[in-house]
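Structure assessment
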Amino acid sequence: CGKTQLVFGLLHGLNPEETLFTNINMNFFTTSALMQENLEGPLMKKTGTSYGPPGKADLIYFIDDLNLPEVDAYDTQSAISLMRMAMQYTRWSDRIKLTWRNILNCQWLACMNPTAGSFYVNPRLQLRFATYAMGFPATTSLLQIFTTFLTGHLQYFDEAMQNMSSNIINAALDLHNGVTENFRKSAINFHYEFNVRHLSNVFVGLLVAQPDQFKNPSKFVQLWLHESERVYGDRLVSLEHVAKYNQVA
């Protein structure tokens, strides 16, 4: 649903003299040691065992893909356990001196895809957050977003090209809906997960077209078909699925 970009839009709008932020991307191999190293990166020593962001600013840790670290034999995720301890006690230990490091003026912001990684989020961590769910954008929202992009790009083309903007966008939305309905994620085809990112990639290919290369609307339609096949068709794993995609397209 574009959660990461929405959060970045919010964070970049903050006053850097008052609030700083740092982004930490979780993955399957993120351990507590690696997590602590990333957390300590933007901090500086204040007094004694106290650490905090530079100057008088606050610091926001943005944890992306919160639930991706590997679940260990004890059914826990060490990186998340460290994060929970830091939020609850505002400190963690120095791994060399084995003393406490008190962490000042830090806040936490996280996002995750509930259909990937671990489906279980430690309730002792979750109770520290206010939780918001974000759904897939409605068709009207997507239409407005991509109309802005494509119409702005086609204004430099011939009038015949400009008039086909709405048709291309509606066709792209219909194809995306058809693909998501016909090719669903399974245990075997776990990569069959199509979202706004894939739809955006189609338009990324369209926006590199140049006016001197595309004077015929039918050629631009062929470009859209080509970009759609690269984004959707190349992810399909069998000739049967490719034939089904061609029917949908």
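Counting from 1, residues in each chain are numbered in the order their sequence is written. Totals for whole chains, interfaces and linings use all residues, but because this is a predicted model, local features are given only for residues with pLDDT of at least 70 and pairs of side-chain atoms are given and counted only at 80 or more. Hydrogens are left out, water is left out, and the side-chain values use all remaining heavy atoms of the structure.

1. Looking at the side chain of S165
Take S165: it is sitting in helix α7 (residues 165–182). Setting aside its immediate chain neighbours within four residues, S165 contacts L150, T151 and L154. Where helices and strands are cited, they refer to DSSP runs of H or I of at least four residues and of E of at least two residues respectively, numbered from the N terminus. Residue contacts are counted whenever heavy atoms from the two residues lie within 4.5 Å of one another.

2. Structural notes on α7
Here α7 is 18 residues long and its end C-alpha atoms lie 26 Å apart, about the 26 Å a rise of 1.5 Å per residue gives. Along α7, the residues that are buried comprise S165, I168, I169, A172, L173, L175, H176, G178 and V179. The inward-facing, buried residues of α7 abut α5 (139–154), α6 (159–162), α8 (196–206), α9 (217–231) and α10 (239–248). How far a helix is expected to stretch is found by multiplying one less than its residue total by 1.5 Å. We call a residue buried when its accessible area falls under 20% of the maximum for its residue type, exposed when it is over 50%, and partly exposed in between, using a 1.4 Å probe and counting protein chains only.

3. Brief notes about the state of the cysteines
In this description, a disulfide is simply a cysteine sulfur pair whose atoms lie within 2.5 Å. All told, the structure shown has 0 disulfides when counted by the stated rule. Take C106: it sits in no disulfide, and the sulfur closest to it among the cysteines is that of C111, at 19 Å. We classify C111 as buried; its relative accessible area is 9%.

4. A closer look at the sheet that holds strand β6 (residues 100–103)
The 4 strands lie next to each other as β2-β3-β6-β5, forming an open sheet whose pairing is mixed. Two strands lie at the open edges of the sheet, namely β2 (44–45) and β5 (91–93), each paired on one side alone. Two strands make a pair as long as DSSP finds a minimum of two bridges between them. The pairing of strand β3 (residues 50–52) with β6 spans 2 bridges and is parallel. Each bridged residue has a counterpart across the sheet, and for S50 the counterpart in β6 is N102. In this analysis, axes come from line fits to C-alpha atoms, helices being fitted only over the stretch in contact, and the angle between any two N-to-C directions falls in the range 0 to 180 degrees. Running at roughly 130° to β5, helix α3 (residues 78–89) makes contact with β5 and β6 of the sheet.

5. Things to note about the sheet that holds strand β4 (residues 58–64)
Spatially, β1-β4-β7 is the arrangement adopted by the 3 strands of the open sheet, whose pairing is parallel. In the strand order of this sheet, the two ends are held by β1 (19–25) and β7 (106–111), each with one partner. For this sheet, the mean angle separating the axes of adjacent strands, direction not counted, is 20°. The pairing of β1 with β4 spans 7 bridges and is parallel.

6. Side note on unusual backbone geometry
With a phi angle near 60°, L98 is a residue other than glycine that sits in the positive phi range. Positionally, L98 belongs in the loop between β5 and β6. You will see that N105, though not glycine, has its phi angle at about 55°, which is positive. Look at N105 and you get partly exposed, because its relative accessible area is 44%.

7. Examining the nonpolar core
Ranked by internal contacts, the top residues of the largest apolar core, which has 29 residues, are L199, F203, F220 and Y232. Mapped onto this core, the elements with two or more residues apiece are α5, α7, α8 and α9. It is α7 that provides the largest number of residues to this core, a total of 6 residues. With residues up to four places along the chain from it excluded, the contact list for Y232 reads L175, H176, V179, F194, H198, L199, V202 and Y245. Remark: nonpolar core denotes a set of buried residues (Ala, Val, Leu, Ile, Met, Phe, Trp, Tyr, Cys) joined through side-chain atoms within 4.5 Å. In terms of nonpolar packing, the next biggest core, distinct from the first, is built from 20 residues, L43, L82, M83 and M87 among them.

Purely geometric numbers; function is a separate question.
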